[in-house]
Amino acid sequence: MLLSLVVHTYSLRYWLPAAVMLGTAPAYVLSWSAWRLLSTILPRRPFHVMDDLFYAIYQSMVLFFFENYTGVEVLIYGDIPKNKENVVYLSNHQCTVDWIIADMLAIRQNAIGHVRYVLKDGLKWLPLYGWYFSQHGGVYVKRSANFEEKAMKCKLLSQTKCGAPMYLVIFPEGTRYNPDLPKVIRDSQAFAKKEGLAVLKHNLTPRMKASHIAISTMKDHLDSVYDITVAYEGTLNTKGERRSAPSMPEFLCKECPRVHIHFERVDLKEIPKEAVFFRRWLHERFEIKDKLLTSFYESEVPEQRCKFPGEGQRSPLSLKKTLPSLLFLGGLTLPMLFTDTGRKLYLKTWIYGTLVGWLWVNISP
C-alpha cells in the first residue's frame, strides 16, 4: 500500500502540470481565435503584436511548471543581451525539453512571445498545438530530398515583411542525440567521415539547409545568431557514461537538478553567405559544442565534470514572470468546466480545433 502511494504521488508530479497545460489550451485557443477574427480588418502588424502577447502568456505559464514548480537550477555560461533582438537560435538537440530551454532564455530577455520554431513535419499532427505553432510563425520542414525550400522562404518573408519580431529556434541536427540509439549516432558519424567532416562524439552531424535558408532569407531583419549548447545534469550513469537526457515527464518529476546553458552571440558578419562555406562554418560550431560536451561528461578532473568551462551564473526565474499567466489562464478555463454549456464548448474546441488544424496544415498552400 505504501509503495502504491509513493508511485501515485510520483505520477501526480507529472499529471498535475500536464493537466493544467493541456486543460487550459481550449480556453486559450478560443481567446486567440476571437482576436484572430477581429484582426482580419486590421493590418498584419497589430495582429502579430497581440499574437505574441497571447503566446507569451501561455508559454510563461508553461515555464511556471518547468522552472518554478520543478525548482530546477538554471546555470548560464556567457552574457545574454538584456535587450530584445531578432535572432536565429541554433542549439544541440537531445530531448523534448530542449524546446523549453529556448523559452527559458527568451523570457530572460522579455522576448518569449517572439519565439518561433522550425519543426519537423510530423509535429503538425499535434492536436491544436500543431496548427497553432504554424499560425504563430512556426515552419514545418521535411528532410533531405523532400525539403521544401521555397515554402520555408515564403513563410519567413511573410513574417519579416510585416516587421514581426523573430526568435527563430532551429535544431540543426534534425533529430535527437540519444545514447540509447547507437545506430543513429554511428550513421551520423559515418556520414561525417564520408563527407570529410570532423566526426562528433556528443552531437549528431548538423544539417545545414534550414539554418542557411533562415539566416540568408532574414539577413536584413536579424541582429545576430545565438549559438546555444545545453547539458542536463544527472545524465551520467553509475559507470560515468552518458545516458539519455530527461523527457518532459521526467523533467516535471524533478529528475533534473540543474540545466547548464552555454551561450554565445555570433555576429552576422562572421557567418559565410555561400552554402558550401556556411556548411563548414556550421559544422565548426558543432565541433565547439562537442568539445564543451566532452568536457562536461568526460573531464578527467572530477571538479570540472558536469559543468562547462568558465563560471556559470545562477539565473532564478521570478514568480512575477510566470504566476500571473497561470492565474489568468486558470481564470479563463475554470468557468468553462463548471457549466454544461461551458463543458460542451470546451469539448467542441478540442474536437473542431484538432480537425480544422489538421485541414489547415495539410491542405492550405
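Provided above is the structure to which this section pertains.
Reference entry: report on the structure contained in this document. These numbers were taken from a predicted model, which means no experiment stands behind them. (Residues numbered from 1 in each chain as written. Predicted model: local features only at pLDDT ≥ 70, side-chain atom pairs only at ≥ 80, totals over all residues. Heavy atoms only, no water.)

1. Examining the overall build of the protein chain
Under the convention used in this document: Think of it this way: any DSSP run of H or I at least four residues long counts as a helix, any run of E at least two long counts as a strand, and we number them from the N terminus. When accessible area is computed with a 1.4 Å probe and restricted to protein chains, residues below 20% of their type maximum are described as buried, those above 50% as exposed, and intermediate ones as partly exposed. By definition in these notes, contact holds between two residues if any of their heavy atoms fall within 4.5 Å.
Looking only at helices and strands, the protein chain features twelve helices and eight strands. Split into buried and exposed, the 365 residues of the protein chain put 50% on the buried side. When contacts within the protein chain are restricted to residue pairs at least 6 apart in sequence, long-range pairs at least 24 apart make up 79% of them.

2. Some remarks on a positive patch on the surface
Let me state the cut-off plainly: Only residues whose relative accessible area exceeds 30% and that form no salt bridge are eligible for patches; like-charged ones are grouped when within 9 Å, while nonpolar side chains (Val, Leu, Ile, Met, Phe, Trp, Tyr) are grouped when within 5 Å. Using a 1.4 Å probe, the Shrake-Rupley method yields the accessible areas, and only the shown protein chains count as cover for residues. In the sections that follow, a salt bridge refers to a side-chain nitrogen of Lys or Arg positioned within 4 Å of a carboxyl oxygen of Asp or Glu. For this count, His and the chain ends are skipped, Lys and Arg are scored as positive, and Asp and Glu as negative. Taken as the charge centre is NZ of Lys, CZ of Arg, CG of Asp or CD of Glu, depending on the residue.
The grouping of Lys 120, Arg 143, Arg 176 and Arg 207 at the surface amounts to a positive patch. Of note, Arg 207 is situated in the loop between helix H7 (182–194) and helix H8 (209–217). Of the residues examined, Arg 207 reaches a relative accessible area of 41% and is grouped as partly exposed.

3. Side note on the packing of aromatic side chains
Going by this rule: When the centres of two rings from Phe, Tyr and Trp lie within 6.5 Å, Trp using its six-membered ring, the rings pair. Their planes under 30 degrees apart give stacked, over 60 give edge-to-face, and anything left gives tilted. When the NZ atom of lysine or the CZ atom of arginine is within 6 Å of a ring's centre and also within 35 degrees of its normal, the charge is said to sit over that ring.
Scanning the model with the defined rule gives 20 aromatic pairs in all. Geometrically, the ring pair formed by Tyr 28 and Phe 54 is edge-to-face, given 6.2 Å between the ring centres and 80° between the ring planes. Separated by 26 residues along the polypeptide, Tyr 28 in helix H2 (residues 25–38) and Phe 54 in helix H3 (residues 44–69) bring together distant segments of the chain. When the centroid spacing of 5.4 Å and the interplanar angle of 85° are considered together, the rings of Trp 32 and Tyr 132 count as edge-to-face. Here Trp 32, found in helix H2, pairs with Tyr 132, found in helix H5 (residues 129–135); they are 100 residues apart in sequence, far enough to count as distant. Using a relative accessible area of 1% as the deciding quantity, one classes Trp 32 as buried. A relative accessible area of 6% means that Tyr 132 is categorised as buried. Put simply, the rings of Tyr 28, Trp 32, Phe 47, Phe 54, Tyr 55, Tyr 58 and Tyr 132 pair up and form one aromatic cluster. Lying across the ring of Phe 47, Arg 36 places its NZ or CZ 4.4 Å from the centre. Lying across the ring of Tyr 69, Lys 254 places its NZ or CZ 5.0 Å from the centre.

4. Comments concerning the pattern of salt bridges
On inspection of all chains with the given rule, the structure shows 14 salt bridges. The salt bridge involving Arg 314 is made with Glu 73; its shortest N-O contact spans 2.9 Å. Here the residue Arg 314 occupies a position in strand S8 (residues 313–314), and Glu 73 occupies one in strand S1 (residues 73–77), the gap between them amounting to 241 residues. Taking the relative accessible area as the measure of exposure, Glu 73 reaches 19% and is therefore buried. The partner of Arg 265 in a salt bridge is Glu 85, with the nearest N and O atoms 2.7 Å apart. Of the two residues, Arg 265 is situated in strand S7 (residues 258–266) and Glu 85 in the loop between S1 and strand S2 (87–91); the sequence distance between them amounts to 180 residues. Its relative accessible area of 38% is what places Arg 265 among the partly exposed residues. Using a relative accessible area of 14% as the deciding quantity, one classes Glu 85 as buried. A network of salt bridges, in which partner residues are shared, links Glu 73, Glu 233, Arg 258 and Arg 314.

5. Regarding helix H6 (residues 149–161)
Which entries qualify depends on this criterion: The span expected for a helix works out to 1.5 Å for each residue beyond the first. Read the arc as the range of directions from the helix axis to the C-beta atoms.
Helix length check: H6 (13 residues) gives 18 Å between terminal C-alpha atoms against 18 Å at 1.5 Å per residue, within 8%. Taken as a whole, H6 has its buried residues at Met 152, Leu 156, Gln 159 and Thr 160. All buried residues of H6 project into a common sector of 95° when viewed along the axis, lining one side. Of the exposed residues in H6, the ones pointing more than 90 degrees away from its buried face are Lys 150 and Lys 161. Summarising the contacts, the buried residues of H6 are in contact with H3, strand S3 (115–120), strand S4 (139–141), strand S5 (167–170) and H8.

6. A look at the environment of Asn 110
Note the cut-off: Within 3.5 Å is the distance limit for a polar contact, defined as a pair of N or O atoms, with the added protein rule that one can donate a hydrogen and the other accept it, and that residues adjacent in sequence qualify only through two side-chain atoms.
Mapping Asn 110 onto the fold places it in the loop between helix H4 (98–107) and S3. Residues Asn 110 and Asn 83, 27 residues apart in the sequence, show an inter-C-alpha distance of 8.0 Å. Contact partners of Asn 110, with chain neighbours within four places excluded, come to Lys 84 and Lys 321. Within the structure, Asn 110 has its side chain in polar contact with the side chain of Lys 321 (distance 2.7 Å).

7. Structural notes on the sheet that holds S2
Put simply, the rule reads: Strands are labelled as partners when DSSP assigns at least two bridges between them.
The eight strands lie next to each other as S4-S3-S5-S2-S6-S7-S1-S8, forming an open sheet whose pairing is mixed. The open sheet has two edge strands with one neighbour each: S4 and S8. Two strands pair when backbone bridges link them, and S3 and S5 are joined in this way by three bridges, in the parallel orientation. Note that in S5 the partner of Val 115 across the bridge is Tyr 167.

8. Things to note about the pairing of S5
Across the two faces of S5 the burial is the same, with Tyr 167 and Val 169 and Leu 168 and Ile 170 all buried. Both S2 and S5 contribute to a ladder of four bridges, which runs parallel. Each residue of the ladder has a partner; that of Val 88, found in S5, is Leu 168.

9. Describing the pairing of S2
Of all the five residues making up S2, five are buried; the element is thus mostly covered by neighbouring parts of the structure. Side chains Val 87, Tyr 89 and Ser 91 of S2 all project onto a buried face; the interleaved residues Val 88 and Leu 90 project onto the opposite face, where all are buried too. The sheet contact formed by S2 and strand S6 (residues 224–232) spans five bridges and is parallel. Bridge pairing in S6 links Ser 91 to Ile 228.

Keep in mind that these numbers describe shape and distance, not what the molecule does.
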